[in-house]
Amino acid sequence: MIVNHASTLSVEYFIQYLELVMKSRQIPLKEAEQYMSEQFFKENPQLYGESTASHFREAINRIEMK
């Protein structure tokens, strides 16, 4: 997936992405979070900016609340 560095990714984007990773890999949220940190953010949470990093954390929180 190609991500434009100039745009801010939404909470909804990350909810869908995390749920896709969990379903396709049959893993829990914590493992999906680790996978995204390694593969999507390349171990740099600020790679796509503070707003995108904040939206990622919010998406994790919302999935945990389900």
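Preceding this section is the structure that the text describes.
Calculation rules
- Residues numbered from 1 in each chain as written.
- Predicted model: local features only at pLDDT ≥ 70, side-chain atom pairs only at ≥ 80, totals over all residues.
- Heavy atoms only, no water.
- Salt bridge = Lys/Arg side-chain N within 4 Å of Asp/Glu carboxyl O.
- Helix = DSSP H or I, 4+ residues; strand = E, 2+ residues; numbered from the N terminus.
- Buried < 20%, exposed > 50% of the residue type's maximum accessible area, 1.4 Å probe, protein only.
- Axes fitted to C-alpha atoms, helices over the stretch in contact; angles between N-to-C directions.
- Parallel < 35°, antiparallel > 145°, perpendicular 65-115°, else oblique.
- Left-handed = near helix turned anticlockwise from the far one by under 90°.
- Contact = heavy atoms within 4.5 Å.
- Nonpolar A, V, L, I, M, F, W, Y, C, P; charged D, E, K, R; others polar.
- Core = buried A, V, L, I, M, F, W, Y, C linked by side-chain atoms within 4.5 Å.
- Phe/Tyr/Trp six-rings, centres within 6.5 Å; stacked < 30°, edge-to-face > 60°.

A. View of the pattern of salt bridges. Counted by the stated rule, this structure contains six salt bridges. One salt bridge connects Glu33 with Lys30, and the closest N-O pair in it is separated by 3.6 Å. Within this pair, Glu33 and its partner Lys30 are both found in helix 2 (residues 29-39), separated by three residues, close to a single helical turn. Residue Glu33 is classed as partly exposed on the basis of its relative accessible area of 22%.

B. Fine view of the packing of helix 2 against helix 3 (residues 50-65). Running from N to C, helix 2 and helix 3 cross one another at 165 degrees; their axes reach a closest spacing of 11 Å. In this view, helix 2 runs roughly antiparallel relative to helix 3, as classed from their interaxial angle. As for how helix 2 packs across helix 3, the hand of that crossing is right-handed. Residues Leu29, Lys30, Glu33, Met36 and Ser37 of helix 2 pack against Phe56, Ile60, Ile63 and Glu64 of helix 3. Looking at the contact of helix 2 with helix 3 residue by residue, the class counts come to five nonpolar, one polar and three charged.

C. Region of the structure containing the nonpolar core. Among the nonpolar cores identified, the biggest contains 19 residues, and Phe14, Leu18, Met36, Phe40 and Phe56 are the most heavily contacted of them. Those elements that place two or more of their residues in this core are helix 1 (11-25), helix 2 and helix 3. Counting residues per element, this core draws most heavily on helix 1, at seven residues.

D. Representation of the packing of aromatic side chains. Taken as a whole, this structure holds 10 aromatic pairs when the rule is applied. Measuring from ring centre to ring centre gives 5.9 Å for Phe14 and Phe41, while their planes differ by 25 degrees; the resulting arrangement is stacked. Remark: Phe41 occurs in the loop between helix 2 and helix 3 and Phe14 occurs in helix 1; sequence separation between them is 27 residues. Its relative accessible area of 3% is what places Phe41 among the buried residues. Aromatic pair Tyr17 and Phe40: ring centres 5.5 Å apart, planes at 75 degrees, arrangement edge-to-face. Here Tyr17, found in helix 1, pairs with Phe40, found in the loop between helix 2 and helix 3; they are 23 residues apart in sequence, far enough to count as distant. Both residues of the pair, Tyr17 and Phe40, count as buried. Counting every residue linked through ring pairs, the aromatic cluster contains Tyr13, Phe14, Tyr17, Phe40, Phe41, Tyr48 and Phe56.

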